[in-house]
Amino acid sequence: MAEKSGADILIEALTDLGVEVVFGYPGGAVLPIYDALFKQDRIRHILVRHEQAATHAAEGYARSTGKPGVVLVTSGPGATNAVTGITDALMDSIPMVVITGQVPTGLIGTDAFQEADTVGITRHCSKHNYLVKDPARLSSVIHEAFHIATSGRPGPVVVDIPKDVQVATARYEAPGPIQHKTYRPQSQPDAAKIQEAVDMLAAAERPVFYTGGGIINSGPEASRLLRELADLTGAPVTSTLMGLGAFPASSERWLGMLGMHGTYEANWAMNQADLIIALGARFDDRVTGKLDAFAPNARKVHVDIDRSSVNKNVRVDLPIIADVGIALAEMVASWKARGHPKPDLSEWNSRITGWRATRCLDFPDSQDAIMPQRAIRALWEATKDRAPIITTEVGQHQMWAAQHFDFEAPNKWLTSGGLGTMGYGLPAAIGAQLGNPDALVIDIAGEASIQMNIQELATATQYRLPVKIFILNNEYMGMVRQWQELTYQSRYSESYSDALPDFVKLGEAYGWKGIRIDNRGELEDGIQAMLAHDGPVIVDCRVAKLANCFPMIPSGAAHTEMILQANEVSGEMDDEAKALV
Amino acid sequence: MHIKEEFKERHTLAVIVDNEPGILARIAGLFTARGYNIESLTVSEITDDNLISRITIVTSASAPVMEQIISQLERLVPVHKVTDLTAFGPHVERELALVKVKGTGDHRIEALRLAEVYRARVVDATTASFVFEVTGGSEKIDKFVELMRELGLVEVARTGVVAISRGADAA
């Protein structure tokens, strides 16, 4: 067999692994790979305008298709610009492989032009990383990288390839199934523990399913099984931000999202439950609030593929290490095999009905100004029949979208949960649109966040991607302003979005259609105009400037100390509260 | 506002890893990134082909943090196995130190006598100095170094702790 260059081996391996799209940006240390890309037509390269956007686009692609996202960037600044997206993918468990160019092996360590210690920098923000110094190792490393990125708890894997290794030759052989020496994630649950969990469910009087992004990662079958198990047991379901869509919002058993900006009913149900079944969720601080007041009377079952998630923040009674989809299948089977009747949860359900009556997501509507919640609701009404894919940036608009946009299916909600990365939504929408060419893809944005990767307007134009950006423009970094209002007596330090561009003209300059919505009367028509246009559209929706996102559990408070209205909040918090994130 | 400290217990871990570049940085970095403490860390290859290393880490942590440290270490791709020797039970811990002492007259004689008590060997001598080699548990070495301080201690080099379980089987 003839030898091939390292660059050709890389392309061959990516092709064998079924990669269809690579998001990237060329540069000196990846020129051989770009030349190999030029000479083939099986892999499509999408040229972004900033390497951070390549990583978020890959995340959007991965989250909406279930396939790994692939990124290709150059050495030095190419790699360091990718670091935020790599960290984002680690925090949200998104399968991603990042190929970085590196200076030639002989120059490593000499402070060469565009040299950065990429494996050093990404060591703790990737699931794993490699520096490949031998082209003969390249094919096995690439295959292994995809195996690690997509199996177990998914995450980003970085492969750093020096330029001389891209040029030097070796043989390419696609390796067989990977049997890694040390990396063997456990996906099969312990049968006895499944049975125990099912018996606990059957005996529970006040059970709650607390679900997370793991269900989405496990695949659509896990969402289907969750619905089946919830139907069999009659237990209500709440979800983290990352898990929205795994359970249909239209179900009578849906409690809404839980946690800091979760619903009254979801948080009270968690607080009063006697059994919590955590499925692919990790008891994040945004979910638990004050730890020693979290679900004080509940026994807790935790199904997670990552052993280190168990007992990290909250002690649980029954940990089950497994792929949550497989665990759900076995729980459904075990429930049926043991002949459990559907429990009578009428007393529990009536308490939940009582909490629902608070109507915690209601907001004071206005005839004139557009309330941001109203804008999200109107967007949902206008698009729900088309099952859109929604991406977001980070801040108030993200929480309002999570609260007021209802999802019926998984892989439709793409948001930066763990890292909270402003600038995520537009590139993620681009990646999602590439993976789902016929889908309606909308980035719900804020006027501050959208400016963090605004250059990607050009990427959508170049590839004729009809993504929509719906900006809730309140002229503030709204979540920062809200916290300043609630904890710093409204001293709005640097949170005003001054010198804003004219988003309509800006969109037009990039070849987009621009629409401005100024008042309540224009809202529905503006949304219809956005949907009617078959190309990319940027909507500048001017909303009420000082609206706050409620309900809200202040940092470090218990689920039961939820704030429903602004007037329940004092103007200055003590130091203990100020020190919490 | 003040930051609270919690109760910590000393544990000795044996971590078997693939001997790949960056593995030590990966492990040491995990400890700093997650705020775990390292009292001592030693590493050496342990197989003929030099492919596997054994890392001994002495750390102190509360029980829940200890559980986290172990599962975070196990999660690293190149890690084969993590054993908490302290939780496992009976095990031997040893450290080696080279201790340089300078002095003449009574101090010199006293240093030599104490070295005998501590079973320290003289591995280098001049008319005005000794280098002692002493092995044992960390406390014994601490104590020996403390005594030498009064008798003309110049400098100390210590290996850090290595440890292995007692009995016929691997832990």
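Model, not experiment: these values are computed from the prediction.

Conventions adopted
Residues numbered from 1 in each chain as written. Chains lettered and ligands numbered in written order. Predicted model: local features only at pLDDT ≥ 70, side-chain atom pairs only at ≥ 80, totals over all residues. Helix = DSSP H or I, 4+ residues; strand = E, 2+ residues; numbered from the N terminus. Rg over C-alpha atoms; globule rule 2.2 N^0.38 Å. Buried ≥ 20, exposed ≤ 12 C-beta atoms within 10 Å, placed from the backbone. Contact = placed C-beta atoms within 7 Å. Pairing = 2+ DSSP bridges. Axes fitted to C-alpha atoms, helices over the stretch in contact; angles between N-to-C directions.

When helices and strands are tallied, chain A shows 22 helices and 20 strands. Expected size for 581 residues packed as a compact globule is a radius of gyration near 25 Å; at 24 Å, chain A falls within 12% of this value. In terms of overall dimensions, chain A has a C-alpha envelope of 75 × 60 × 50 Å along the principal axes. Counting over 581 residues, chain A shows a buried share of 54%. Long-range pairs, those at least 24 residues apart, make up 77% of the contacts in chain A with a sequence separation of at least 6.

This part is about unusual backbone geometry. Phe550(A) connects to Pro551(A) through a cis peptide bond whose omega is 0°. A positive phi angle is found at Asn50(B), which is not glycine, with a value near 65°. Following the sequence through the fold, Asn50(B) ends up in the loop between β2 (40–45) and β3 (52–61). Taking the number of C-beta atoms within 10 Å as the measure of exposure, Asn50(B) has 9 and is therefore exposed.

All names here are of chain A. Tracing the chain through its elements places Pro-220 in helix α10 (residues 220–233). Taking the C-beta count within 10 Å as the criterion, Pro-220 has 15 such neighbours and is therefore assigned partly exposed. Sequence separation between Pro-220 and Trp-400 is 180 residues, and the spatial gap between their C-alpha atoms is 25 Å.

Okay, the sheet that holds strand β7 (residues 156–162) of chain A next. In any sheet, the strands associate via hydrogen bonds between backbone groups, in a parallel or an antiparallel arrangement. All names here are of chain A. Pairing is parallel across the open sheet formed by six strands, whose spatial order is β3-β2-β4-β5-β7-β6. In this open sheet, the two strands that pair with only one neighbour each are β3 (44–47) and β6 (128–131). Ignoring which end each strand starts from, the neighbouring axes of this sheet average 20° apart. Examined bridge by bridge, strand β4 (residues 69–73) and strand β5 (residues 96–102) share five bridges and lie parallel to one another. Directly across from Val-71, in β5, lies its bridge partner Val-98. Across the sheet, helix α4 (residues 77–91) is in contact with β4, β5 and β7; its angle to β5 comes to roughly 165°.

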